[in-house]
Amino acid sequence: MKLAVVVQRYAADIGGGSELHARYIAEHLAAHAEVRVLTTCARDYVTWKNEYPAGETTVHGIPVERFAVARERDPRDFARRSSLVFDETHAVADELAWLDSQGPVSPGLIDRVRRASADSDFVILFSLRYHTAFHGARAAAAKAVLVPTTERDPALGLEMFGPVLRGVRAIMYNSPEERALIETLHGNRGVPGVTVGVGSQIPEETDPSRAAAAFGLDRPYVLYVGRIDVNKGCAELFDYFTQYAGRSDRPLDLVLIGTPVLPIPEHPSIRYLGYVSDQDKYDVLAGAEALVMPSYFESLSMVLLEAWAIGVPVLANGRCDVLAGQCLRSNGGLFYTNGREFEAMLDTLLDNPALADELGENGRAFYEAHYEWPVIERTYLDMFERLAAGEPVERMEPLPGWLAARARTARPGAAVVDAAPRGPVRESGKRDTA
Amino acid sequence: MLTLPQFRGYLPIEMATDQHPQSGRRQHFHRGRRGQERRGDRRPSTAPQTQEQGKADQPDVDQIVKDIKARIAQRHGIDLSAQQIQELAARRLEAILDPRTVKPGLLDQLRKAAGAPADIAPAAPADAYTFEDHTIYDTHNGLLRFLRKLLAPVLKLFFNPNPIAAALNAQVRVNREASRREAERERTQAEWNALHYTVLQRLVTEVSRVSLEMQSLSLRVESLATRADFAERRIRGLEAPPAAPPMPARTFDTPATPAGPARQPSDIGTSTGTGTGTGTSEASEGRRRRRRRRGRRGNLPGSDAAGAGAPTTQTSGDLADGDEEAFDDGPESDGPEADDSTRSSLSAPAPGAPEPAAEASFADTSPGPASFAAIESEREPEKALRFEPLPAAEPVPADPPQADPAPPTSEPSDR
């Protein structure tokens, strides 16, 4: 079986969610199929500047073809177009212009995807909101398997994504919440889909005492791993934690790992470790009382799964449906929706080690049942077998014509998404509607 | 699935913090090792469980979160966000503004005024042209304009048009100034309106917030008052002696704790040997019996009150000093103690008077204190176990006819 994986960026040192997701999938599916990655020369997801050389290379044994990005992103133009399509009634042409403005625009890559659809069995495309996935899915519709990695953001409410979500061969969802949202917004229940997510590379052994000695973690701590950004809820986390530290006499630190975009408050209980190696990360994680995940929008939090994989309970932001749903389905963590709840949940975890242990164990069992690599690989392979058994059907709706594309009838993306039902999906297990 | 009581069962669990200097710190070296030994000594019992048992023991995150939220809501009252308070305040503001006195749409205008900057440009006069000397001769027709100009000196022979032009120009200036002032006044008024509306809105918001806090605080005060009341009653109960103080005159019959074990016959001799030592042996017997009755009555609610309050000394003094009241042996069905004392002066036998033989014989043939105790506890179990103090001033209710352990033959003899 030949597979082409299309993703906006690809490298061993790129730690972004969907990019890492794509790399893990490519590397694990390589054991079962001939995998080739098609990507751009970009490294920075904000500018899409060509930093890697175009051409063919190998990353962890996987052949990778890179194509140049035609133009870098203009932040002001992108912000203006985002404001138009998210907040105002607009036309599909505006949405397509927004997609071009977001990028990465790489005509060479799209041409290659079109060719790959002829010589590959399936083309796996990552991240619906990017130009590469949108136009790549249209170019290889008959063999396109989409991994949308979408969250509850206004972009998902744009009209132009409907035909793509209804026209691909199959969709690999990250969570039941993502699936429910997409199916509600774009009515694609007829498209074969499965909630699969992604595993992680969990070390066999972790040594928290080594990390404690290396980083001077001599007090109990809760851990945040990820980009330290307002969009990830870190400002709110700092606020809640400093209030908690002021009110509580419990010795507890908040340890941060990741790239800071937001200034980190100077507080004696907030420790920033910087960007650490994977082994260090897991060692620190293993010694944490809990992992804190304050993000409002997640498609699937990999670090949440990593914490569960080593039996650490989590404390997640309950305003993110996916995180709350994961906690409910796994019984592996608690979730909060405001500062008082944050403090109460944190105290509950810290005061009841037996409960915390059980939550961690539940999380580990949940990870093993749903996110161990054999499970993930099997789910992908089952889907490929199922698709291969049927005849490829071209269902992709064409883009609207010149006049239709300029009719200002599309609702604001934010309003569309806001109107969609909220809340976690409580049923566990995978659902396949096909 | 862990039920709510099971979850609450987690709460009192104390961690073995004495084994580790870091309170609440879990043992690191067990973490991260994947496998059965990962949790080490923290791991729960590995006894094989059925699947149902395993599920029953699982914590239910949903329930735990709901429970914690309920506790927070109970502790802090209704938790409203700032936006919700704003909405509530907006509704209150509309309720405050009486629609009969406020023009419809005024509130919307005020809202707009509060949101938009008050930038009102002075309106120009409707006909803001200048009036010059030649203005009266202006026309679009060139020939006519020439003729008027030619004949203007002739016209000026009859009147001077310049003051008219000056007056009209002055009026234009006055109109402009009035218009500017009016615009300025409107702008100032709009600013004031916006300010008033903002102040009003903030006040209403603040009042809403304060009233919510007040509701929450009043609930807390109510809760604390209940707890304080409960604590006060508890303190009062703890301060009050649970039973009457030890009575030295008690010799052979029921002690202060009638529910206690029955005495052994060997105690009798000891008891009788510790008599008060007043009067003859028969009189002493009678006193003992009377004291026994009083002592038993002391276990009644009325006498418990005596034990709790001022009458405590009276009772104990009565019994210890062996005064006359202590010898009262009126019928058990008599009324309050005061009646007893009154009656005692009439019915008390003279000191040294021989006790009826029947009573003496009863003392000899009695089944013994152990049997008495058994009979008492059998007949009056509820009284024997009663320790609640009652107010001292409360009169002792008329005792129901008590089953006296003494034979009825003793009653007539007392009379």
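Residues numbered from 1 in each chain as written. Chains lettered and ligands numbered in written order. Predicted model: local features only at pLDDT ≥ 70, side-chain atom pairs only at ≥ 80, totals over all residues.

How do you make sense of the overall build of chain A when you look at a structure like this?
Summing up its helical and strand segments, chain A has 17 helices and 14 strands in all. Buried residues in chain A amount to 54% of all 434 residues. Contacts in chain A between residues far apart in sequence, at least 24 positions, make up 70% of those at least 6 positions apart. (Helix = DSSP H or I, 4+ residues; strand = E, 2+ residues; numbered from the N terminus. Buried ≥ 20, exposed ≤ 12 C-beta atoms within 10 Å, placed from the backbone. Contact = placed C-beta atoms within 7 Å.)

Explanation requested: the environment of E65 of chain A in the structure shown.
Residue and element names in this part refer to chain A. With respect to the element layout, E65 can be found in strand β4 (residues 62-67). Classification of E65 by C-beta neighbours within 10 Å gives partly exposed; the count is 18. The sequence separation of E65 and V37 amounts to 28 residues, and the corresponding C-alpha distance is 6.1 Å. Not counting the four nearest positions on each side in its chain, E65 is found in contact with R36, L38, E56 and R112.

Teacher, can you tell me more about the pairing of strand β3 (residues 55-59) of chain A here?
On any regular strand, side chains alternate: one points to one face of the sheet, the next to the other face. All names here are of chain A. The buried fraction of β3 is low, at zero of five residues. Where β3 meets β4, five bridges bridge the pair, whose relative direction is antiparallel. Its bridge partner lying in β4, T57 is registered against V64. Where β3 hands over to β4, the hairpin turn is made up of two residues, of which H60 adopts a positive phi near 55 degrees. (Pairing = 2+ DSSP bridges.)

What is the right way to read the packing of helix α7 (residues 176-186) of chain A against helix α12 (residues 321-330) of chain A from this model?
All names here are of chain A. Between α7 and α12, the shortest axis-to-axis distance is 8 Å and the interhelical angle comes to 135 degrees. Between α7 and α12, the interaxial angle falls into the category oblique. Packed against α7, whose contacting residues are P176, E177 and E178, the element α12 presents D321, V322 and G325 at the interface. (Axes fitted to C-alpha atoms, helices over the stretch in contact; angles between N-to-C directions. Parallel < 35°, antiparallel > 145°, perpendicular 65-115°, else oblique.)

I would appreciate a short explanation of the sheet that holds strand β14 (residues 333-336) of chain A in the present structure.
Residues and elements named next belong to chain A. One open sheet accounts for six strands, arranged β11-β10-β9-β12-β13-β14; its pairing is parallel. Edge strands, defined here as strands with exactly one partner in the open sheet, are β11 (270-272) and β14. Across the sheet, the axes of successive neighbouring strands diverge by a mean angle of 25 degrees, strand direction being ignored. As defined by bridge partners, strand β10 (residues 253-257) adjoins β11 across three bridges and the pair is classed as parallel. Within the sheet, the bridge partner assigned to L254 lies in β11 and is I270. On top of the sheet, helix α11 (residues 302-309) reaches β9 (221-225), β12 (290-293) and β13 (314-317); it is set at about 170 degrees to β12, its chief contact.

How do you make sense of the nonpolar core when you look at a structure like this?
What tends to happen in soluble globular proteins is that the nonpolar side chains get buried as a cluster. All names here are of chain A. Residues V5, L223 and L291 are the most contacted members of the largest nonpolar core, which totals 140 residues. By residue number, the principal contributor to this core is α11, which donates seven residues. Leaving out residues up to four positions away in the same chain, L291 has contacts with L223, L285, V303, L304, A307, V312 and V314. (Core = buried A, V, L, I, M, F, W, Y, C linked by C-beta atoms within 7 Å.)

I'm lost on helix α3 (residues 92-102) of chain A in this one. Help?
Note: α-helices contain 3.6 residues per turn, so residues at a spacing of three or four share the same orientation. Residues and elements named next belong to chain A. Of all the residues in α3, the buried ones are V92, D94, E95, W98, L99 and S101. Looking at the buried residues of α3, the elements they touch are α2 (75-87), α5 (131-139) and α16 (402-405). Just beyond α3, the residue with positive phi is G103, at close to 75 degrees.

Is there a simple way to explain unusual backbone geometry in this structure?
Phi is mostly negative for residues that are not glycine, and the peptide bonds are mostly trans. Residues and elements named next belong to chain A. Cis geometry marks the peptide bond from G103 to P104, where omega comes out at -10 degrees. Its location among the elements puts P104 in the loop between α3 and α4 (107-119). Look at W48: it is not a glycine, yet its phi comes out positive at around 60 degrees. When you line up the elements, W48 lands in the loop between β2 (34-40) and β3. On the basis of neighbour counts, which here come to 25 C-beta atoms within 10 Å, the residue W48 falls in the buried class. One non-glycine residue, H60, adopts positive backbone phi at about 55 degrees. Residue placement: H60 occurs in the loop between β3 and β4.

Just checking my understanding: could you explain the sheet that holds β3 of chain A for this structure?
Pairing between the strands of a sheet comes from backbone hydrogen bonds, and it takes one of two forms, parallel or antiparallel. Residues and elements named next belong to chain A. Spatially, eight strands are ordered β3-β4-β2-β1-β5-β6-β7-β8 in an open sheet, and the strand pairing comes out mixed. Either end of the sheet is taken by a strand with one partner, and the two such strands are β3 and β8 (193-195). Across the sheet, the mean angle from the axis of one strand to that of its neighbour is 20 degrees, orientation sign disregarded. Looking at chain direction, strand β5 (residues 122-126) and strand β6 (residues 144-147) are connected through four bridges and run parallel. Bridge pairing links F126 to V147 in β6.

Is there a simple way to explain the pairing of strand β7 (residues 170-173) of chain A in this structure?
All names here are of chain A. Alternating residues of β7 divide into A170 and M172 and I171 and Y173, and every residue in both groups is buried. In this structure, β6 lies alongside β7, joined through two bridges in parallel fashion. Residue pairing in the sheet places L146 in a bridge with I171 of β7. Taking the sense of rotation as the criterion, the β-α-β connection linking β6, helix α6 (residues 161-167) and β7 turns out right-handed. Inspection of the sheet shows β7 paired to β8 by three bridges, in the parallel sense. Considered in β8, the bridge of Y173 is made with T195. In this fold, β7 hands off to α7, which returns the chain to β8; that crossover is right-handed. (Right-handed = clockwise from strand over helix to strand, strands pointing away.)

Whenever I open this one, the confidence of the model for chain A confuses me. Can you help?
Atom-level detail of predicted coordinates should not be read off regions where pLDDT is low. Here chain A shows a mean pLDDT of 89. Residues at 70 or above account for 98%. In the predicted structure, residues 428-434 of chain A sits below a pLDDT of 50 and forms 11 contacts with residues beyond four places in sequence or in another chain. (pLDDT = per-residue confidence, 0-100.)

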